[in-house]
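# Topology and contacts: notes
Each chain, written out:
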Amino acid sequence: MNAPLTHLQKLEAESIHIFREVAAECEKPVFLYSIGKDSAVLLHLAMKAFYPSKPPFPLLHVDTTWKFREMIEFRDKRVKELGLELLVHINEEGVKAGVNPFDSGSRLHTDVMKTQGLKQALDKYKFDAAFGGARRDEEKSRAKERVFSLRSPEHRWDPKNQRPEPWRLYNTRKRPGESFRVFPLSNWTESDIWDYIAKEDIPVVPLYFAKKRPVVRRDGALIMRDDERMKLRPGEQVEELSVRFRTLGCYPLTGAVESTASTLPEIIAEMRASKTSEREGRIIDHDGSASMEQKKQEGYF
Amino acid sequence: MNAHVTEAEALAPETAPAAQEKVLLRFITCGSVDDGKSTLIGRMLYDSQMIAEDQLAALDRDSKKFGTQGGALDFALLVDGLAAEREQGITIDVAYRYFKTDKRAFIVADTPGHEQYTRNMATGASTADLAIILIDARKGILPQTRRHSFIVSMIGVRDVALAINKMDLVDYSEDRFNEIVAAYRDMAKNLGFRSITPLPISALNGDNIASLSERTPWFQGEPLLPWLESVEAGAGDLAEAPFRFPVQWVNRPNLDFRGFSGWVASGSVKPGDAIVALPSGRASTVARIVTQDGDLPVAVAGQSVTLTLADEIDVSRGDILSSVEKQPEVASTVEARLLWTAETDMHPGASYIVKLGARTANASIDKVRALIDIHTFEPAPGKPLALNEIAEAKLRFDRPFPISLYRDNRDLGGFILIDRITNETVAFGMIAPGRAAPETLARDESGAQESGVDWGRLVQNLGEKLLPALGGGVLIGLGAKLFGAPTSTAVALGLADAAFRPLVRGWYGDFRAALAKRKSDDEITPDGAGI
Ligand SMILES: Nc1nc2c(ncn2[C@@H]2O[C@H](COP(=O)(O)OP(=O)(O)OP(=O)(O)O)[C@@H](O)[C@H]2O)c(=O)[nH]1
Ligand SMILES: [Mg+2]
């Protein structure tokens, strides 16, 4: 009679279900918008979940002040198009203290500007549930995380004591001060994300597409020099190479890949043929094997 | 990443049989501690080329640091992703991994073998279509093998692969393999599995995983991965069942629009279909199926949509919109299987929060009928439940619920209990056929049970079998007047206008109570197949 649902249709329906559960059961949710491809898909799903209503929560961007300029442009354009409310939070103490990815190191920078910044914002607005675009296929400690992930009032994750989460039943009870991180894309893979972007024609930041960009070879990675704050070390020079990004974050911490893939089908073909994982280009993930778990315990998204 | 996908497929993701066109199979690995579950999944990911080069390099480093194989690749480390797991060489929580082959997409949940983490195993099992039960060839069936087998059966998995692992440590002995398989078949004979497929494997060496091993020339079956690519498993077609739509959220952007956002848990729906909202019993007609991509002509099981109705009837979160012809029973007491997941014991009579579908209420455990002994699968007299124990119990909700049996629909018949003080999820519940009225009165034994109460048969049966016993001559007269002599559900329902339904329900509740009283013997189904 009716054709069975495709894999992507099932994933979409599951994500929409999760959005609605939060809207119905949490008091003050927020959507953590990080501007990348996963956020783009997540936002698209949020729009679908509540249509014809607008999503009943604002977007929050924790701006480390080191995002690619194209990301910020894209963010502002997208939010305007969709008519949504956007909150931008910057850890001003971190800025005052002069924390930056070059002098402070990736670890400290990420902790202060991203993790602490996020906690400040969640505390400031008293959000009790925050949607994030993390996927279980990204990393092996993420593979262990629940869809509804409980955080203590100090925003800590207790990986050894997660609530069981059978079927599609989410226990959304919490004590004052506790909050949830909610991951509607838990069961999506990188390849599902791109297939869905193609199928639904979802706008993404142009940095995902190959173009000639000014890059510097540093510590084995290709870093795009997005502004003058990146000082060249002796012997370094800026090259114009055709590159693109598989994930997006702070520009000094995000390695580019050499590529000529400038269309969606080309990107998808390249991803399928790739022998490395998407997180390869993220410098913060490499500080030790369990480092993502540690960061998450400390409150990193 | 996936070496199998051709460029042509990759270039046309919408049309080619790429990811989204593949059939999805969800499975778990389970079994006792150290039987090799995580190693097997790591091995399958590796053999299907799902491990990227940087991840392989990390695996090599990790194997030297934490590995249990003297520095050689320890595939379990691909899956045991928590620091505590890597230090201790055990699995604590379920890991979900995703892989694809030419033929299928897979979601696999690697579950922990330790008894302490049984609830995490059950979490993984709750959405699985199929289970791989591992047994260490040296050790044979262990108590945890039994427990996991029971939970797998109880949670509704019908097809299992019985992977006799570590065959390398028993010289690939055919006799040893046959001995364990025979013992397992005997143990599982009452668990209601539709199929048990035994395989001799070595997760460590890769024997009979991707391809047949030369070391087991006596093995006639298929290797594991090709078998997984073709095996038929999973629930029947929910799209063919009666329409059920749990309402999650009332969608009210402005005064002119009032929709009900939820998901189609079973069946399908079209504009113009008559529906009834439960538990209120108010009837209406579907006006539109609203999505951002435009109105749909039909929505089927599994889809998340927003429905608008022709009439302004009162519907709120937790209600179920149902087909009129086949309605679920509405009740405030249920019989259920419980898996206790909290460290603290159950308090008999204590009140918990129940969450079933999108509906939340207070629940109390009226009676623990029996505990299931994990060694014999026999029921033992009830007592307060402790962590990881399984029981048959009677629960009472403080408001009526539309009730479906777990075996008919996991999403409509599965629930959780929550402790109102600690907020912990203290139990998984699965609604079982009631001991009293609906099972004996309204169901046939053919196995093709419907979750809705067959009103026609109910009334008929009441007349034939029960009313004399209960001295209910007045009721039988009324029933005959209202329904004539109904021969089919459709006829009965045609007559049973919505206005009469609450009335019928009232009688029905009384009959249940009376029946329950009559039945002094609480017979128990000793296996997990009943759910
Ligand atoms: N010789 C041999 N060793 C194996 C085989 N499979 C697994 N092992 C070893 O058995 C030990 C336990 O393996 P795991 O995969 O961690 O077992 P598990 O079932 O996941 O354990 P838990 O998740 O803690 O219950 C490890 O040292 C493995 O290397 C096998 O086929 N042959
Ligand atoms: Mg394990």
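Please read all numbers here as calculations on a predicted model, not as lab measurements.

## So, the domain arrangement of chain A
Residues and elements named next belong to chain A. Parsing chain A into structural domains produces domain 1 (7-193 + 290-298) and domain 2 (204-285). A separation of 24 Å is found between the C-alpha centroids of domain 1 and domain 2. Counting from both sides, the interface comprises 27 residues of domain 1 and, opposite them, 29 residues of domain 2. A buried area of about 2,600 Å², summed over both sides, lies between domain 1 and domain 2, and 59% of it is on carbon and sulfur atoms. The three residues of domain 1 that bury the most area against domain 2 are Trp66, Phe68 and Glu70, which together make up 27% of that side's buried surface. At the boundary of domain 1 with domain 2, the tally comes to 2 salt bridges. Seen at the junction of domain 1 and domain 2, the total is 6 residue pairs in polar contact (both at pLDDT 80 or more). For the side of domain 1 that touches domain 2, the secondary-structure elements that each account for two or more residues are helix 2 (37-50), helix 3 (69-82), helix 5 (106-125), helix 6 (190-200) and helix 8 (291-297). Sort the elements by how many residues they give to the side of domain 1 that touches domain 2 and helix 3 lands first, with 4 residues.

## Topic: the nonpolar core
Formed by 84 residues in total, the largest nonpolar core has its most connected members in Phe27(B), Met44(B), Ile132(B) and Leu228(B). The element contributing the most residues to this core is strand 4 (residues 130-136) of chain B, with 6 residues. Counting contributing residues, this core receives three or more from each of domain 1 (24-233) and domain 3 (329-431) of chain B. Here Phe27(B) is in contact with Met44(B), Phe99(B), Phe106(B), Ile107(B), Val108(B), Ala109(B), Ala128(B), Leu130(B), Ile132(B) and Leu228(B), once residues within four sequence places are set aside. Within the second largest apolar cluster, 69 residues are counted, among which are Ala129(A), Phe148(A), Leu185(A) and Leu222(A).

## Focus: the site of ligand 1
Residues and elements named next belong to chain B. With respect to spatial proximity, 22 residues lie near ligand 1, and among them Thr39, Thr68, Gln69, Thr91 and Asp168 are the closest. Measuring from an oxygen atom of ligand 1, one finds a backbone N or O atom of aspartate 34 at 3.1 Å. One of the side-chain N or O atoms of serine 202 is found 3.1 Å from an oxygen atom in ligand 1. Contact with the protein chains removes 93% of the 650 Å² of surface that ligand 1 exposes when unbound. Sort the elements by how many residues they give to the shell around ligand 1 and helix 2 (residues 37-47) lands first, with 3 residues. For the shell around ligand 1, a count of residues per class yields 6 nonpolar, 11 polar and 5 charged.

## Here's the deal with the packing of aromatic side chains
In this description, an aromatic ring pair is defined by two values, namely the gap between the centres and the angle between the planes. By the definition in use, this model includes 30 aromatic pairs over all chains. Considering the side-chain rings of Trp66(A) and Tyr251(A), the 6.0 Å spacing of their centres and the 45° angle between planes classify their relative orientation as tilted. Taken together, the positions of Trp66(A) in the loop between strand 2 (59-62) and helix 3 and Tyr251(A) in the loop between strand 9 (239-244) and strand 10 (255-258) put the pair 185 residues apart, joining distant regions of the chain. A single burial state applies to Trp66(A) and to Tyr251(A), both of which are buried. Members of the aromatic cluster, joined through ring pairs, are Phe19(A), Phe31(A), Tyr33(A), Phe50(A), Phe57(A), Phe131(A) and Trp249(B). Its guanidinium or amino end placed over the ring of Phe127(A), Lys28(A) lies 5.1 Å from that ring's centre, counting from NZ or CZ. Directly above the aromatic system of Trp66(A) lies the positively charged group of Arg229(A), at a separation of 3.7 Å from the ring centroid.

Each value, and the rule that gives it
- Residue numbering note: each chain is counted from 1, following its sequence as written.
- Chains and ligands are labelled by the order in which they are written, letters from A for the one and numbers from 1 for the other.
- Local features are withheld for residues below a pLDDT of 70 in this predicted model, meaning they are given only at 70 or higher, and side-chain atom pairs are given and counted only at 80 or more; totals for whole chains, interfaces and linings count all residues.
- Computation of side-chain values covers all heavy atoms of the structure but excludes hydrogens and water.
- Note that domain bounds follow an automatic or database assignment of domains.
- Whether two residues are in contact is decided by their heavy atoms: any pair within 4.5 Å suffices.
- By buried area we mean how much accessible surface two parts lose on assembly, using a 1.4 Å probe and totalling the loss over both.
- Think of a salt bridge as a Lys or Arg side-chain nitrogen and an Asp or Glu carboxyl oxygen that are within 4 Å of each other.
- Two N or O atoms count as a polar contact when they lie within 3.5 Å, although within protein this holds only if one can serve as hydrogen donor and the other as acceptor, and sequence-adjacent residues are included solely when both atoms are side-chain atoms.
- Elements are defined by DSSP. Helices are runs of H or I of four residues or more, strands are runs of E of two residues or more, and each kind is numbered from the N terminus.
- Among buried residues, those of type Ala, Val, Leu, Ile, Met, Phe, Trp, Tyr and Cys that are joined through side-chain atoms within 4.5 Å constitute a nonpolar core.
- The cut-offs for exposure are 20% and 50% of the maximum accessible area for each residue type, with area from a 1.4 Å probe on protein chains only; residues under the lower value are buried, those over the upper are exposed, and the others partly exposed.
- Whether a residue is near a molecule or strand depends on its heavy atoms: if one lies within 4 Å, it is near.
- Only the protein chains shown count as cover for residues, and the accessible areas themselves come from Shrake-Rupley with a 1.4 Å probe.
- Each residue is assigned to one class: nonpolar for Ala, Val, Leu, Ile, Met, Phe, Trp, Tyr, Cys and Pro, charged for Asp, Glu, Lys and Arg, and polar for all the others, Gly among them.
- Working definition: rings of Phe, Tyr and Trp (its six-membered ring) pair if their centres are within 6.5 Å, and the pair is stacked with planes under 30 degrees apart, edge-to-face with planes over 60 apart, and tilted otherwise.
- Cation placement over rings: the criterion is NZ of Lys or CZ of Arg within 6 Å of the ring centroid and within 35° of the ring normal.

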